[in-house]
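Breakdown of the fold
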Amino acid sequence: MSECQVLIVDDEPDIRELLEITLGRMDIPSTAVENLEQARRVLEQRAFALCLTDMRLPDGNGIDLVRFIQEHCPSLPVAMITAHGNMELAVEALKAGAFDFVSKPVDLAVLRSLVHSALKLGPMRSETTGTVLGESPLMIALRAKVSKLARSQAPVYISGESGTGKELVARMIHQHGPRAEAPFIPVNCGAIPEALMESEFFGHRKGSFTGAVADKPGLFQAADGGTLFLDEVADLPLHMQVKLLRAIQEKLVRPVGAQQEVAVDVRLLSATHKDLAKLVQAGQFREDLYYRINVIELQVPALRERAEDIPVLVNYILSRLGRQSGNEPPDISAQAMGKLSKYTFPGNVRELENILERAMTLCESSRIEADDLDLPKIVEEVQSAKPLENLLVSTEKETILRALEETRWNKTAAARKLGISFGALRYRLQKLGLE
């Protein structure tokens, strides 16, 4: 079972013994060392399936070991053992690449769950084979980062405009990680009435309020062992942000009307199209919660930033719509595809899907033509205005350059020739990059 062997790094004999006994009862062999130097040496000699390391070591700290492993053994998950309540160092370890952390005194049930999750990880892949389509450099980089984040338990904040596919990215992180067989629970924080939020998130006991006719588990309990995805997390009211922060930090929730707290094991992913950092500055989002959910940020690009992916997306969406309707998907003319490629898509991929679904319904043949797309007129007018603006700038530049050449670059004479003031000419030269 050498492929399942665990490396323990801790300078306290009692902790090393506790971890070795716990792993032994799980039929998992282990090797224990006391410091960073011994850990590096043994890592160079053989492979391990997991490393458990204390944060404080005689010759450095556990984050140094995380960085060493990230460089030399990137497929090896590392779990950090931290002092109780030292959340800042735990977050720092997660940012450095740690798989997860466990606090002292070590809760053996939490430790066993962590070990089981880590040992489910397979070899790291350079890319995932998910459903976020596109071969643009931005999308290749996104899939590679998703593959790496799937191997961690760190909270991930997925940012991006509406319609870019943030929930799809969250599902990929879940599906390619060790929690793939457990539930993925998505929740739109803006869709839950404020009066019901605590009950929805943490559950309630029978009789705890009018209408509570039976015990009901909350979203955290539903996601136990799996992933909880908080979409539009910026819409949470401040009083719920406090309760959410505690649930994340303590991994405990108290159902409404209950006397005892319930342990939960969830991986937290969150998203919003709003600027959370600005909301923090405005006092509308708690700074401590922001830093807790935003351990790692993943930016999903807007469709206009990867226009080269539009043909691939169009063909995929049309094929899917054809399957759903039970009909052969229509072709799309080169003119229609060209029109889509030039469109800026303020609603991103979701808008592209809506446009194609409408075009499939309206087109009178087996081919979607440019007129079938029915793109918003205001955007088409803006796009038409851009070439005109570029033409005017080009013409203005040529006129000014000609006047300067005819006056041998005497700006005062050139301004007189153009019928404008010297100051106006200097302003135009600066704006056109000719100064």
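Summarised in this report is the structure supplied together with it. (Residues numbered from 1 in each chain as written. Predicted model: local features only at pLDDT ≥ 70, side-chain atom pairs only at ≥ 80, totals over all residues. Heavy atoms only, no water.)

Describing the packing of aromatic side chains
- Applying the stated criterion across every chain yields a total of six aromatic pairs.
- Arranged with centres 6.2 Å apart and planes meeting at 50 degrees, the rings of Phe201 and Phe202 form a pair that is tilted. Like Phe201, the residue Phe202 is buried in the burial classification.
- An aromatic cluster is built from Phe201, Phe202 and Phe220, whose rings are joined through pairwise contacts.
- For the cation-ring pair, Arg40 lies above Phe68, with the distance from its terminal atom to the ring centre recorded as 5.7 Å.
- Stacked on the ring of Phe101, the Lys or Arg Lys251 has its end atom at 5.3 Å from the ring centre. (Phe/Tyr/Trp six-rings, centres within 6.5 Å; stacked < 30°, edge-to-face > 60°. Buried < 20%, exposed > 50% of the residue type's maximum accessible area, 1.4 Å probe, protein only. Lys NZ or Arg CZ within 6 Å of the ring centre and 35° of its normal.)

Concerning the sheet that holds strand β13 (residues 267-272)
- Within the open sheet, the five strands sit side by side as β9-β10-β13-β8-β14. Their pairing is parallel. Whereas interior strands pair on both sides, the edge strands pair on one side only; in this sheet they are β9 (184-188) and β14 (296-299). Across the sheet, the mean angle separating the axes of adjacent strands is 20 degrees when strand polarity is ignored.
- In this sheet, β14 lies alongside strand β8 (residues 156-159) in parallel orientation, the contact comprising four bridges. Bridged to Tyr157 within β14 is Glu297.
- Where helix α6 (residues 137-149) meets the sheet, it contacts β8, β13 and β14, and its direction lies at approximately 150 degrees from that of β14. (Pairing = 2+ DSSP bridges. Helix = DSSP H or I, 4+ residues; strand = E, 2+ residues; numbered from the N terminus. Axes fitted to C-alpha atoms, helices over the stretch in contact; angles between N-to-C directions. Contact = heavy atoms within 4.5 Å.)

Observations regarding helix α7 (residues 166-175)
- If you check which residues of α7 are buried, you get Lys166, Val169, Ala170, Met172, Ile173 and His174.
- Those residues of α7 hidden inside the fold are in contact with α6, β8, β9, β10 (227-231), β13 and β14.

Quick look at the nonpolar core
- Residues Leu65, Ile158 and Val169 are the most contacted members of the largest nonpolar core, which totals 47 residues.
- Here this core gets six residues from one element, more than from any other, and that element is helix α4 (residues 87-96).
- Dropping the residues within four chain positions of it, Ile158 is found in contact with Lys166, Val169, Ala170, Ile173, Phe229, Ser270, Ala271, Thr272, Leu298 and Val300. (Core = buried A, V, L, I, M, F, W, Y, C linked by side-chain atoms within 4.5 Å.)

Brief notes about the sheet that holds strand β1 (residues 6-9)
- Read across the sheet, five strands follow the order β2-β1-β3-β6-β7 without closing on themselves; strand pairing throughout is parallel. Where the open sheet ends on each side, the last strands, each with one partner, are β2 (30-33) and β7 (100-103). Mean inter-strand twist for the sheet, computed between neighbouring axes without regard to direction, equals 20 degrees.
- Inspection of the sheet shows strand β3 (residues 50-54) paired to strand β6 (residues 78-82) by four bridges, in the parallel sense. Each bridged residue has a counterpart across the sheet, and for Asp54 the counterpart in β6 is Ile81.

A look at the side chain of Gln153
- For Gln153, the location among the structural elements is in the loop between α6 and β8.
- A distance of 2.5 Å separates a polar atom in the side chain of Gln153 from a polar atom in the side chain of Arg179.
- Beyond its immediate sequence surroundings of up to four residues, Gln153 is in contact with Phe99, Asp100, Pro178, Arg179 and Arg267. (Polar contact = N/O pair within 3.5 Å; in protein donor to acceptor, adjacent residues only side chain to side chain.)

Observations regarding the packing of helix α1 (residues 13-25) against helix α5 (residues 108-119)
- The interhelical angle for the contact between α1 and α5, taken along N-to-C directions, is 60 degrees, at an axis separation of 11 Å. By the angle class used here, α1 and α5 are oblique. Crossing angle aside, the handedness with which α1 passes α5 is right-handed. In this structure, α1 uses Leu18, Leu19, Thr22 and Leu23 to contact α5, whose residues at the interface are Leu108, Leu111, Arg112 and Val115. (Parallel < 35°, antiparallel > 145°, perpendicular 65-115°, else oblique. Left-handed = near helix turned anticlockwise from the far one by under 90°.)

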